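Understanding the architecture of this molecule
Each chain, letter by letter, is given below.
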Amino acid sequence: MIVLFAGRRPSGADGAFPETGVAWLEERLERLFAGLRPRLAVGSGAAGTDLLAIAAALRAKAQVDLLLTEDVEAFVAASVADKGPEWVRAFQDLTRSPGVRLHPVEGAAENDDGFRAVNHALLQHARARLRTDGKQGREPEELVVVAVTGGRRAGEDHTESLADSAEKLGHLVLRLDPAASKEASPTAFVAMPYGSKRDTTRELKRFEANETWNRVLVPALLDSGYRPIRTDLDSGLETIDARMLHSINTADLFVADLATFNPNVLWELGVRHAWRRSGTLIMAPRWVTPPFDLGHTTVKRYERGMTRVSDRQAVAAIRMLRPALTASKRGTDSPVWAVFPLLEPVRLPPDHDAELISQLTRYTEEISLAADLHDVEQLIAVAAHVRRDELPDSSRNTLLEQIGLALVTLDRFEEGRDLLAPLAEADVSFARVRMQQRYALTLIHRPGAPRERLSCLREAERRLRRLDALHPDSSETWGLLGSVAKRVFEVALQLGENNARSHLDRAIDAYRSGMAADPGDHYPGINAVALLRLRGQHFGGGQGDVAEAESLLPVVRFAVKRRQIGPQDTWEHASLAELDLHRHLLAGETEKPPAGAEHHYALAVASAEGAEISSMRRQLALFLAAGDPAAVIEPLLAAVRVPAQEECP
């Protein structure tokens, strides 16, 4: 995606962009760029909107192309310095970033004709860089314009002219009012699943719910003037629940996404329908059939994949939601009120501690934004504030759990373990299943000398066995148990221990159980194939293991391919690469790697983060250490590495 930005410069206290609006505009721009995830942002560098957008784009890891009038120093004097030295410092700091490229527009001076020429060049520049053909494994892109404006003003309005030109060319324009304040903005409470969920409506496929939040709901709601609020349902304890009930009741808009038929979402939707006549919007992926009780209720359908929302799907969904967001403010949309029109709205008693609710809301929004931006430093800073703040223990622990889970999701296992360890120890009944699983994952990834790692791996296995006894038949738990045993097997090989085979046996049994618990989850399947092949070919398992691995190959391949794989689905391509490798080695090929594995590893590496590449390399290194032919494995290890442009000097 390419995002083209333009907007107002700072104004006086009563102008179009007052100083009081800066913080809220900055947060909205950060949320937009984090959600839309552009590879390229295009704009100018004037004080105000432009500089805030550049900072937001860089935080979202986008390349930024800035088009300025021909004389850069004259541009700074005319469009930056007149608004104060702090904006000049911001311009200097941002334009020194390696992610920013300056493009002076030839012949453009610091006057209306020059600014008009820059506007024209901005749109041309952005459109010229769109990838529209889908070649080289890339999906076609969309150009989205972010226009920071409260409406057309008298005289020539360069921002509105740019937005109008983009709309006439068919591009989506998102508008943000720079004069709006966060406190005065209407709230939109979103009830939806989050994270990676098993979708029972799609035969156990995994559904990445955050894609809808980031790429559809946040942009659509901000564009309509709302302040989006979302609650982490897995971490809701008593005080968070009280805040949730007040939000359901008082939010100007309640949005329910029926994806995966999450029971919490359905319950909250029922409460809202009972309490409020209007202001409710229901949406769902196109494949979801609403339950009978919602058969006569309008459900807005949107297109998306199971793991990703493409650029075109995001733009189409935002366009679809726009009129629905406007219509939700009028009429009766509750089926309860349609049957009983004389009902009175429910008025909850004033919250016993409004200040605490406000604190928790602020912290939750900070955590959500930092997680969306992959801002580890900010997550750690929020955790420090939470620890120092005067909060009830239950509220503090809930917030720390949210931060810990976010850190683990970002593969920051050390920091996540520090937060989750005391919470996991305090959860003696193992009621917090997801938290216990994520804490075990941090133990699995604990670095150190082999003996130190073994101690952590034994603790992870103990906790996971306890979790399975209390909450059986979880493919996630079994997959983690398999990972523990596989890591112990790796250490045993490294130390030359004679009992390596016993750890390999335990890993295979765990991955088999994971496959049985969730046939749609390819993670335990690919590991079962890998370890059965290793045992059959190198550790005395014989033809029985080889035959079982061969029989599982098409099963696991089917589980991977049914996920509608896109070019940026890293783990799916890594799994297909490994499946091709195992088929190659099971056929007795030992002279070179298979072309299919090389192709899929290249696609996986192109979209992978550093931790994902390390995981792929660790798996290949295990095969080499277990005895697989170097002529096959070493070329793949050489290919699975951090791209040269991303390596640290």
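Note that the structure is a prediction, hence the values are computed from the model and not measured.

This part covers a negative patch on the surface. The grouping of Glu70, Asp71, Glu73 and Glu106 at the surface amounts to a negative patch. Tracing the backbone through its elements, the reader meets glutamate 73 in helix α3 (residues 72–79).

Leu29, Phe33, Leu217, Leu221 and Leu321 are the most contacted members of the largest nonpolar core, which has 87 residues in total. At eight residues, helix α10 (residues 311–327) tops the list of elements feeding residues into this core. With sequence-adjacent residues up to four places away left out, leucine 321 is seen in contact with Val216, Leu217, Ala220, Leu281, Met283 and Lys300. Within the second largest apolar cluster, 46 residues are counted, among which are Ala485, Leu553, Ala604 and Ala626.

Bringing the pattern of salt bridges into the picture now. Within this structure, the stated rule accounts for 43 salt bridges. Linking glutamate 30 and arginine 59 is a salt bridge whose minimum nitrogen-to-oxygen distance equals 2.6 Å. Linking glutamate 30 in helix α1 (residues 22–36) with arginine 59 in helix α2 (residues 49–59), this pair joins segments that are 29 residues apart in sequence. Taking relative accessible area as the criterion, glutamate 30 reaches 11% and is therefore assigned buried. Residue classification places arginine 59 among the partly exposed positions, given a relative accessible area of 30%. Across the pair aspartate 93 and arginine 96 runs a salt bridge, and its minimum N-O distance is 3.3 Å. This pair shows no difference in class: aspartate 93 is exposed, exactly as arginine 96 is. Each of the salt bridges in this network shares a partner with another, and the network as a whole consists of Glu27, Arg31, Lys182, Arg227, Glu365 and Asp372.

Right, let's get into the sheet that holds strand β2 (residues 40–43). Pairing is parallel in the open sheet, where six strands are placed in the order β4-β3-β2-β1-β5-β6. At either end of the open sheet lies a strand with only one pairing partner, and these are β4 (100–105) and β6 (172–176). Across the sheet, the mean angle separating the axes of adjacent strands is 20 degrees when strand polarity is ignored. In this structure, strand β1 (residues 2–7) lies alongside β2, joined through three bridges in parallel fashion. In the strand pairing of β2, valine 3 is matched with alanine 41. Packed on one face of the sheet, helix α6 (residues 158–168) meets β1, β5 (143–148) and β6 and runs near 150 degrees to β6.

Criteria and cut-off values
Residues numbered from 1 in each chain as written. Predicted model: local features only at pLDDT ≥ 70, side-chain atom pairs only at ≥ 80, totals over all residues. Heavy atoms only, no water. Patch = residues over 30% accessible without salt bridge, like charges linked within 9 Å, V, L, I, M, F, W, Y side chains within 5 Å. Areas by Shrake-Rupley, 256 points an atom, 1.4 Å probe, with all protein chains shown as cover. Salt bridge = Lys/Arg side-chain N within 4 Å of Asp/Glu carboxyl O. Lys, Arg positive; Asp, Glu negative; His and termini not counted. Charge placed at Lys NZ, Arg CZ, Asp CG, Glu CD. Helix = DSSP H or I, 4+ residues; strand = E, 2+ residues; numbered from the N terminus. Core = buried A, V, L, I, M, F, W, Y, C linked by side-chain atoms within 4.5 Å. Buried < 20%, exposed > 50% of the residue type's maximum accessible area, 1.4 Å probe, protein only. Contact = heavy atoms within 4.5 Å. Pairing = 2+ DSSP bridges. Axes fitted to C-alpha atoms, helices over the stretch in contact; angles between N-to-C directions.

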